[in-house]
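Remarks on the overall topology
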Amino acid sequence: MSASAQNQVSVRYFAAARAATGVEQEDVALDGQLSSGATREQFIELLISLHPEVPAGEPPLARVLSQCSFLVDGVALTDGKVVPGNRVDVLPPFAGG
């Protein structure tokens, strides 16, 4: 496995997060200062930097991500870190019943 592949996090976007990024899934590199892990806030900043252009008619990604839940390998991210090798699901609030 290459060094860059070792620093990858698999990210899956759902609903409004998918619409705001324009992608369903992507691999994101945790490089430099983030190579040992990223807090929730650092990870949000990284995702925003990767998607500076928002598709027409969609809300800004920063606004969407601020309302999202993040599941890291199926567990809600609260105080922990996202580390290389994790799978992160980005889940906006869902309405309905």
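Overview of the structure. (Residues numbered from 1 in each chain as written. Predicted model: local features only at pLDDT ≥ 70, side-chain atom pairs only at ≥ 80, totals over all residues. Heavy atoms only, no water.)

1. Observations concerning the environment of Leu61
Where we set the bar: Helix and strand definitions here come from DSSP, where helices need a minimum of 4 consecutive H or I residues and strands a minimum of 2 consecutive E residues; each element is numbered from the N-terminal end. Any two residues having at least one pair of non-hydrogen atoms within 4.5 Å are treated as being in contact.
Residue position: Leu61 is located in helix α4 (residues 61-66). Sequence separation between Leu61 and Ala17 is 44 residues, and the spatial gap between their C-alpha atoms is 7.2 Å. Each residue touching Leu61, except ones within four places of it in the same chain, is listed here: Ala20, Thr21, Leu47, Ile48, His51 and Val54.

2. Some points on the environment of Ala19
As for its placement among the helices and strands, Ala19 is situated in helix α2 (residues 15-21). Taking the C-alpha atoms as reference, Ala19 lies 9.7 Å from Ala56; in sequence the two are 37 residues apart. Dropping the residues within four chain positions of it, Ala19 is found in contact with Pro55 and Glu58.

3. A closer look at the environment of Gln6
As a reminder of what qualifies: Residue exposure (1.4 Å probe, protein chains only): buried if accessible area is under 20% of the type maximum, exposed if over 50%, otherwise partly exposed.
By secondary structure assignment, the location of Gln6 is in helix α1 (residues 3-6). What makes Gln6 partly exposed here is its relative accessible area of 46%. Taking C-alpha positions, Gln6 is 6.5 Å from Pro84, a pair spaced 78 residues apart along the chain.

4. Some thoughts on the packing of aromatic side chains
Threshold: Two rings from Phe, Tyr or Trp (for Trp, the six-membered ring) form a pair when their centres sit within 6.5 Å of each other. Planes less than 30 degrees apart are called stacked, planes more than 60 degrees apart edge-to-face, and all others tilted.
Inspection of the entire model under this criterion finds one aromatic pair. Between the aromatic rings of Phe43 and Phe70, the centroid separation amounts to 6.5 Å while the plane-to-plane angle is 85°, which identifies the pairing as edge-to-face. With a gap of 27 residues between them, Phe43 in helix α3 (residues 40-50) and Phe70 in strand β3 (residues 69-72) connect regions that are remote in the sequence. The class for Phe43 is buried, based on a relative accessible area of 1%. On the basis of relative accessibility, which here comes to 2%, the residue Phe70 falls in the buried class.

5. Thoughts on the pattern of salt bridges
Side-chain pairs of opposite charge can arise where the charged atoms are in close proximity. Put simply, the rule reads: What makes a salt bridge here is a side-chain nitrogen of Lys or Arg within 4 Å of a carboxyl oxygen of Asp or Glu, nothing more.
The tally for this structure, following the rule as stated, stands at two salt bridges. For the salt bridge of Asp89 with Arg12, the shortest nitrogen-to-oxygen distance reads 2.6 Å. Here the residue Asp89 occupies a position in strand β5 (residues 87-91), and Arg12 occupies one in strand β1 (residues 8-13), the gap between them amounting to 77 residues. Accessibility expressed as a relative area gives 6% for Asp89, which makes it buried. Here Arg12 falls in the partly exposed class, since its relative accessible area comes to 27%. Put simply, Asp89 and Arg87 hold a salt bridge, and the shortest N to O gap is 3.8 Å. Here Arg87 falls in the partly exposed class, since its relative accessible area comes to 33%.

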